[in-house]
Amino acid sequence: MPKMKTKSSAKKRFRVRPGETVKRGQAFKRHILTKKSTKNKRQLRGAVAVHETNLGHVAQMLPFAGL
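Identification of the protein as Large ribosomal subunit protein bL35 from Paracidovorax wautersii is taken from an unreviewed UniProt entry. In the Sequence similarities (unreviewed entry) part of its UniProt record, the protein is described as follows: "Belongs to the bacterial ribosomal protein bL35 family."

Following this line, the structure appears as structure tokens:
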């Protein structure tokens, strides 16, 4: 039986919080910021939780995270 492996891209993008919520960074904040409004860029700050409908996909990518 082959070893289970964690997706390298997922372990860089997600952190598991206590209470089995998963933290992720916001998208659309990396480049081409000149055409985005200040309000939009301000609301993209910080981290948010992964939506509950996507937790199954994250759990498959992070098999040792305890989700």
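**Student:** How should I be thinking about the environment of Arg 15 in this particular structure?
**Tutor:** Among the structural elements, Arg 15 can be located in strand 1 (residues 14-16). Between the C-alpha atoms of Arg 15 and Gly 25, which are 10 residues apart in sequence, the distance is 9.7 Å. Excluding anything up to four places from it in sequence, Arg 15 contacts Thr 21, Val 22 and Lys 23. At 2.7 Å, the side chain of Arg 15 forms a polar contact with the backbone oxygen of Lys 11.

**Student:** In this structure, what is going on with the environment of Ala 27? I would like to understand it.
**Tutor:** With respect to the secondary-structure elements, Ala 27 resides in the loop between strand 2 (22-25) and helix 2 (38-43). Residue Ala 27 is classed as partly exposed on the basis of its relative accessible area of 40%. Separated by 17 residues in sequence, Ala 27 and Leu 44 have C-alpha atoms that sit 7.6 Å apart.

**Student:** What exactly am I supposed to notice about unusual backbone geometry here?
**Tutor:** Apart from glycine, the bulk of residues carry a negative phi angle, and the bulk of peptide bonds sit in the trans form. With a phi angle near 70 degrees, Phe 28 is a residue other than glycine that sits in the positive phi range. By the secondary structure assignment, Phe 28 is in the loop between strand 2 and helix 2. With a relative accessible area of 66%, Phe 28 lands in the exposed category. The backbone of Ile 32 shows a phi angle near 55 degrees, a positive value even though the residue is not glycine.

**Student:** Teacher, can you tell me more about the sheet that holds strand 2 here?
**Tutor:** Within a sheet, each strand pairs with its neighbour through backbone hydrogen bonds, oriented either parallel or antiparallel. Strand order in the open sheet made by the 3 strands is 1-2-3, with antiparallel pairing throughout. The outermost strands of the open sheet, each flanked by one partner alone, are strand 1 and strand 3 (47-49). The mean inter-strand angle of the sheet, taken between neighbouring strand axes irrespective of direction, is 30 degrees. Taken together, the 3 bridges between strand 2 and strand 3 define a ladder with antiparallel strand orientation. Within strand 3, the position partnered with Lys 23 by the bridge is Ala 49.

Procedures and definitions
Every chain begins its residue count from 1, and numbering advances along the sequence as written. At least 70 in pLDDT is required for a residue's local features to be given in this predicted model, at least 80 for side-chain atom pairs to be given and counted, and no such filter applies to totals for whole chains, interfaces and linings, which use all residues. Only hydrogens and water are set aside; all other atoms, that is, all heavy atoms of the structure, feed into the side-chain values. UniProt positions are given in the numbering used here, feature names are shortened, and annotations may be inferred rather than shown by experiment. The secondary structure listing takes helices from DSSP runs of H or I that are at least 4 residues long and strands from runs of E that are at least 2 residues long, numbered from the N terminus. Only heavy atoms enter the contact rule, under which two residues are in contact if any of them lie within 4.5 Å. Each polar contact in these results corresponds to two N or O atoms within 3.5 Å; when the atoms are within protein, one needs to be able to donate a hydrogen and the other to accept it, and residues that are neighboring in sequence are counted only if both atoms are side-chain atoms. Only protein chains enter the accessibility calculation, which uses a 1.4 Å probe; a residue is then buried when its area is under 20% of its type maximum, exposed when over 50%, and partly exposed in between. If DSSP finds at least two bridges between two strands, the strands pair. Fitted lines through C-alpha atoms give the axes, limited to the stretch in contact for helices. The angle between two N-to-C directions lies from 0 to 180 degrees.

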